[in-house]
Amino acid sequence: MASITLKGNEIHTNGSLPEVGQNAPDFELVNTDLSTTKLSDYKGTRVVLNVFPSVDTGICAASVRAFNKEASSLSNTKVLCISHDLPFAQDRFCGAEGLENVVNHSDFRTGDFGKDYGLEIVDGPLQGLHSRAVIVLDEEGTIMYTEQVPEIVQEPDYSAALKTLS
């Protein structure tokens with residue numbers, strides 16, 4: 001269980017992030033067209049998992065914008081933005097913002113992604129949502145970098161995550 005904060009108040013996740021050097025757990029998430037995708041669909045591509053509570057909050061939206069900007073210059077890399085938001089909300093946000101370099105996936109059907117990655121918030125006002133985290137995977141799905149952002153209202157360390165891809 002990880003301890004993080006929401007505006008200085010301690011809350012907890014159901015576990016800890018998988019460790020660097022491990023194979024990332026496979027997952028099944030929902031695309032904005034309601035089809036499903038798995039991590040194994042991205043084999044052969046480097047993957048940045050940008051995980052957050054909801055795209056309808058300022059910091060979460062900022063992380064999607066920031067990774068969208070950076071993703072256009074990354075070779076053989078996909079940035080997956082993952083939350084419990086409904087696929088319709090994810091699609092609406094990216095469409096309104098003109099964001100085309102990130103891929104949105106929702107964990108709304110089962111919540112298994114959040115549970116398997118140790119990111120499900122288990123108490124406090126955001127209970128049931130994902131904590132803010134970044135996980136970078138190589139082409140084989142091996143974890144190269146992780147960041148469990150300690151304060152929900154803090155942005156992730158973009159440069160540290162992207163440095164692992166250079």
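The preceding data block contains the structure.
Here goes a summary of the coordinates provided.

**Here we look at the overall build of the chain**
Tallying secondary structure elements over the chain gives four helices and nine strands in all. In sequence order, the chain lays out its α and β elements as β-β-β-β-β-α-β-α-β-α-β-β-α. Within the chain, the fraction of its 166 residues that count as buried is 52%. Long-range contacts, defined as pairs at least 24 residues apart, comprise 65% of the intrachain contacts of the chain with a sequence gap of at least 6. Of the roughly 7,500 Å² of accessible surface on the chain, a fraction of 47% belongs to carbon and sulfur atoms.

**Description of the environment of G44**
Topologically, G44 is positioned in the loop between β4 (36-38) and β5 (46-51). Taking relative accessible area as the criterion, G44 reaches 38% and is therefore assigned partly exposed. As for G44 and D138, which are separated by 94 residues in sequence, their C-alpha atoms are 8.1 Å apart. Residues contacting G44, with those up to four places away along its chain left out, are N76 and E139.

**Description of the packing of aromatic side chains**
In this structure the tally under the stated criterion is three aromatic pairs. Centroid distance F27 to F113: 5.4 Å. Interplanar angle 85 degrees. Geometry classified as edge-to-face. A residue pair is termed long-range when its members are at least 10 positions apart, and F27 in the loop between β2 (9-12) and β3 (28-30) and F113 in helix α3 (residues 112-116) qualify at 86 residues. The burial state of F27 is the same as that of F113; both residues are buried. When the ring of F113 is compared with that of Y117, the centres are 4.4 Å apart and the planes differ by 25 degrees; the resulting orientation is stacked. Residue F113 shares its accessibility class with Y117, and that shared class is buried. Through successive ring pairs, a cluster of aromatic residues spans F27, F113 and Y117.

**Some words on the environment of N76**
Structurally, N76 can be placed in the loop between α1 (58-71) and β6 (77-83). Taking C-alpha positions, N76 is 9.9 Å from D138, a pair spaced 62 residues apart along the chain. Ignoring anything within four residues of it in the chain, the contact list for N76 reads G44, T45, R46 and E139. Among the polar contacts listed, one links the side chain of N76 to the backbone oxygen of G44, at a separation of 3.1 Å.

**Considering the pairing of β2**
Of the pairings in the sheet, the one linking strand β1 (residues 3-6) to β2 comprises four bridges and is antiparallel in character. Bridge pairing links L6 to N9 in β2. Between β1 and β2, which pair antiparallel one after the other, the connecting turn spans two residues, and K7 there sits at a positive phi close to 55 degrees.

**So, the nonpolar core**
Core analysis: the largest hydrophobic core is formed by 18 residues, its most contacted members being F27, L49, F113, Y117 and L137. Sorting the residues of this core by element identifies β5, β6 and β8 (133-137) as the ones contributing at least two each. Formed by 13 residues, the second largest nonpolar core is a distinct cluster that contains V55, V79, Y145 and L162.

**Points about the environment of Y158**
Mapped onto the elements of the fold, Y158 is located in helix α4 (residues 158-163). For Y158, a relative accessible area of 18% translates into the label buried. Taking the C-alpha atoms as reference points, Y158 and E147, 11 residues apart in sequence, are found 9.9 Å from one another. Here E155 takes part through its side chain, which lies 2.6 Å from a polar atom of the side chain of Y158.

Rules used throughout
Residues numbered from 1 in each chain as written. Predicted model: local features only at pLDDT ≥ 70, side-chain atom pairs only at ≥ 80, totals over all residues. Heavy atoms only, no water. Helix = DSSP H or I, 4+ residues; strand = E, 2+ residues; numbered from the N terminus. Buried < 20%, exposed > 50% of the residue type's maximum accessible area, 1.4 Å probe, protein only. Contact = heavy atoms within 4.5 Å. Areas by Shrake-Rupley, 256 points an atom, 1.4 Å probe, with all protein chains shown as cover. Phe/Tyr/Trp six-rings, centres within 6.5 Å; stacked < 30°, edge-to-face > 60°. Polar contact = N/O pair within 3.5 Å; in protein donor to acceptor, adjacent residues only side chain to side chain. Pairing = 2+ DSSP bridges. Core = buried A, V, L, I, M, F, W, Y, C linked by side-chain atoms within 4.5 Å.

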